[in-house]
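# Architecture at a glance
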Amino acid sequence: MPQTSSLPTIGDYKLPNQVILAPMAGVTDQPFRQLCRRLGAGWVVGEMVTADPNLWHTRKSRQRMNHAGEPSPRVVQIAGGDAAMLAQAARLNVDLGAQVIDINMGCPAKKVCNKAAGSALLRDERLVAQILDAVVAAVDIPVTLKIRTGWCAESNNAMTIARLAESAGIQALAVHGRHRQQRYNGQAEYDTIAEIKSRLSIPVFANGDIDSPHKACEVLRHTQADALMIGRAAQGNPWIFQQISHYLEHGSELPPPRLSERCHVLGEHLGSLHAFYGATMGPRIARKHIGWYLDTDKRFDADQIRELKRQFNALTSPSAQRVWIHKAMADDADERLFAKGSHAA
Ligand SMILES: Cc1cc2nc3c(=O)[nH]c(=O)nc-3n(C[C@H](O)[C@H](O)[C@H](O)COP(=O)(O)O)c2cc1C
């Protein structure tokens, strides 16, 4: 059972528990972060923002940098490959409301790596040191870093990068237990994270394939990490934060959310997406999120889920989506949504 005194502190912020929402472009937008926070995430990280201000005029970038009404601490992740540009981006994001800057050296996405950013930086330790020094010196707020275990199996240099981070003044380090060339294949390994944790004095967060309270407990035990970072397992399942933190604290599992609770949360999520993105983009963005909730809904089989997604994706207005969600989350969803006698119309 974790002691409150052992919960990590980043700058002035003490985490209320050990479960963190990982940054995920296209997923951890402001509405999703707020929902995860309400449902028990102790720390949430936004989608990466490019460090190149020439790209900030796009709708996507503007929305990623909009923190209106967002509670503290607002953790903004920046991605880029140039030390001066990243330092400037850190400063500008502070002006826009960032309270913690996270540097992305973990993302394998092509768009990022073609510009030698994200996990591609791990190959160049000198550049990593320059970037860390420049960003830490540029702002008065805490700077954190997210990395993978290295570039490839032969270049597992996360320990070197971790030491560079600590001596540069980075205040917490998240490590995804895969190297860059694995992308998301294979299984995350936790030995490297355990080694880093044993040698660093800043908080270390373990990340990769944590998808249940049992797995969380296992990874925490193995790595002795200060906290756990959850990515894909939160898609369509924001309850995972309270499920894990309850298990870590009490050693017992919470029951899965009731249908009425699912209905309430989906309605709330939908409403915040419509409010944040507007009446045209909101319903479009909602499709992927509702799709993820349907993927995790044990009441439906694969054919039914396909049919439900087809129905939902045809809806274009906020009100039609709200009405549909109430039908789908009702006890008699089967009768309301499927043609009699057939699974998928
Ligand atoms: C759709 C998607 C988008 C991601 N975007 C980012 C990102 O913007 N910044 C980042 O550091 N990592 C990003 N990641 C990596 C995750 O933060 C996390 O390290 C990875 O998914 C492993 O954790 P998991 O097994 O819990 O999902 C992304 C992952 C996914 C699946």
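Residue positions within a chain follow its written sequence, with the count starting from 1. Restriction of local features to residues with pLDDT of at least 70 applies here, the model being predicted, together with a cutoff of 80 or more for giving and counting side-chain atom pairs; totals for whole chains, interfaces and linings are based on all residues. Only heavy atoms go into the side-chain values, all of them from the structure, while hydrogens and water stay out.

### Quick word on unusual backbone geometry
Where the residue is not glycine, phi is negative for most of them; where a peptide bond is considered, it is trans in most cases. The criterion, for reference: We count a stretch as a helix when DSSP gives it H or I for four or more residues in a row; a strand needs E for two or more, and each element gets its number in order from the N terminus. Only protein chains enter the calculation, and the probe is 1.4 Å; a residue is then buried if its accessible area is under 20% of its type maximum, exposed if over 50%, and partly exposed in between.
For the bond from Ser 72 to Pro 73, the omega torsion is -15 degrees, close enough to zero to count as cis. As for its placement among the helices and strands, Pro 73 is situated in the loop between helix H2 (59-64) and strand S6 (75-79). Positive phi values are uncommon outside glycine, yet Arg 183 reaches one of about 45 degrees. Within the secondary structure layout, Arg 183 lies in the loop between strand S9 (173-176) and helix H7 (191-199). With phi around 60 degrees, Gln 224 is a residue other than glycine that occupies positive phi space. Within the secondary structure, Gln 224 sits in the loop between helix H8 (213-223) and strand S11 (227-230). The class of Gln 224 is exposed, set by a relative accessible area of 52%.

### Focus: the packing of helix H6 (residues 158-168) against H7
This is how it is decided: Axis angles are defined between N-to-C directions and span 0 to 180 degrees, where every axis is a line fitted to C-alpha atoms and, for a helix, only to the segment in contact. Throughout, the term roughly parallel applies to angles under 35 degrees, roughly antiparallel to angles over 145, roughly perpendicular to angles from 65 to 115, and oblique to all others. In a left-handed crossing the near helix is turned counterclockwise from the far helix by less than a right angle, and in a right-handed crossing that turn is clockwise. In what follows, residue pairs with any heavy atoms lying within 4.5 Å of each other are defined as contacts. We call Asp, Glu, Lys and Arg charged. Ala, Val, Leu, Ile, Met, Phe, Trp, Tyr, Cys and Pro are nonpolar, and the rest, Gly among them, are polar.
For the pair H6 and H7, the least separation of the axes is 10 Å and the interaxial angle reads 30 degrees. Judged on the interaxial angle alone, H7 and H6 are roughly parallel. Seen from above, H6 lies across H7 with right-handed handedness. Here Ala 158, Met 159, Ala 162, Arg 163 and Glu 166 of H6 come into contact with H7, specifically with Thr 192, Glu 195, Ile 196 and Arg 199. Looking at the contact of H6 with H7 residue by residue, the classes come out as 4 nonpolar, 1 polar and 4 charged.

### What about the nonpolar core?
For clarity, the threshold we go by: Nonpolar cores are built from buried Ala, Val, Leu, Ile, Met, Phe, Trp, Tyr and Cys residues. Side-chain atoms within 4.5 Å join them into one set.
Counting 67 residues, the largest nonpolar core has Met 105 and Leu 145 as its most contacted members. Filtering out sequence-adjacent residues up to four positions away, Leu 145 remains in contact with Asp 102, Ile 103, Met 105, Leu 132, Ile 161, Ala 165, Ile 170, Ala 172, Leu 173 and Ala 174.

### Things to note about the site of the ligand
Here is the rule we go by: Only a single heavy atom is needed: when it lies within 4 Å of a molecule or strand, its residue is near that molecule or strand. Nitrogen and oxygen atoms within 3.5 Å of one another constitute a polar contact, given that in protein one can donate a hydrogen and the other can accept it, and given that sequence-neighbouring residues count only through two side-chain atoms. Working definition of accessibility: Shrake-Rupley area with a 1.4 Å probe, residue cover restricted to the visible protein chains.
Looking at the ligand, there are 16 residues lining it, with Pro 23, Gln 77, Asn 207, Asp 209 and Arg 232 nearest. Taking Gln 77, its side chain carries an N or O atom lying 2.7 Å from a nitrogen atom of the ligand. Take Asn 207: an N or O atom from its side chain is 2.6 Å from an oxygen atom of the ligand. In isolation the ligand exposes 610 Å². Once the protein is present, 90% of that is buried. In terms of residue class, the shell around the ligand is built from 7 nonpolar, 6 polar and 3 charged.

### Quick look at the side chain of Lys 146
We apply this condition: Neither His nor the chain termini are counted; the positive set is Lys and Arg, and the negative set is Asp and Glu. Salt bridge criterion: a side-chain nitrogen from Lys or Arg within 4 Å of a carboxyl oxygen from Asp or Glu.
Tracing the sequence through the fold places Lys 146 in strand S8 (residues 143-148). There is no salt bridge for the buried Lys 146, and the closest opposite charge comes from Asp 102, which lies 6.7 Å off by N-O distance. Lys 146 has contacts with Pro 23, Gln 77, Asp 102, Ile 103, Asn 104, Met 105, Gly 106, Ala 174, Asn 207 and Met 229, leaving out every residue within four places of it along the chain.

### Structural notes on the sheet that holds S11
Adjacent strands of a sheet form backbone hydrogen bonds with each other and so pair up, either parallel or antiparallel. Spelled out, the test is: The rule for pairing is simple: two strands pair if DSSP sees at least two bridges between them.
In spatial order, the strands read S4-S3-S11-S10-S9-S8-S7-S6-S5; together these 9 strands make up an open sheet with parallel pairing. The strands lining the two open edges of the sheet, one partner per strand, are strand S4 (43-44) and strand S5 (49-50). With 4 bridges joining them, S6 and strand S7 (residues 100-105) adopt parallel strand pairing. Counted as the bridge partner of Ile 78 is Ile 103 from S7.

### Considering the side chain of Asn 157
Along the chain, Asn 157 falls in the loop between S8 and H6. Classification of Asn 157 as buried rests on a relative accessible area of 9%. Only 2.9 Å separates the side chain of Asn 157 from the backbone oxygen of Leu 122, close enough to count as a polar contact. In this view, Asn 157 contacts Leu 122, Glu 125, Thr 149, Gly 150 and Trp 151; residues no more than four positions away in its chain are not counted.

### What to know about the environment of Met 229
Note on placement: Met 229 falls in strand S11. Judged by its relative accessible area of 4%, Met 229 falls in the buried class. Once the C-alpha coordinates of Met 229 and Gly 97 are considered, the two residues, 132 residues apart in sequence, prove to be 23 Å apart. The residues contacting Met 229, other than those within four sequence positions of it, are Ile 20, Leu 21, Ala 22, Pro 23, Val 45, Lys 146, Ala 174, Ala 206, Asn 207, Gly 208 and Ile 210.

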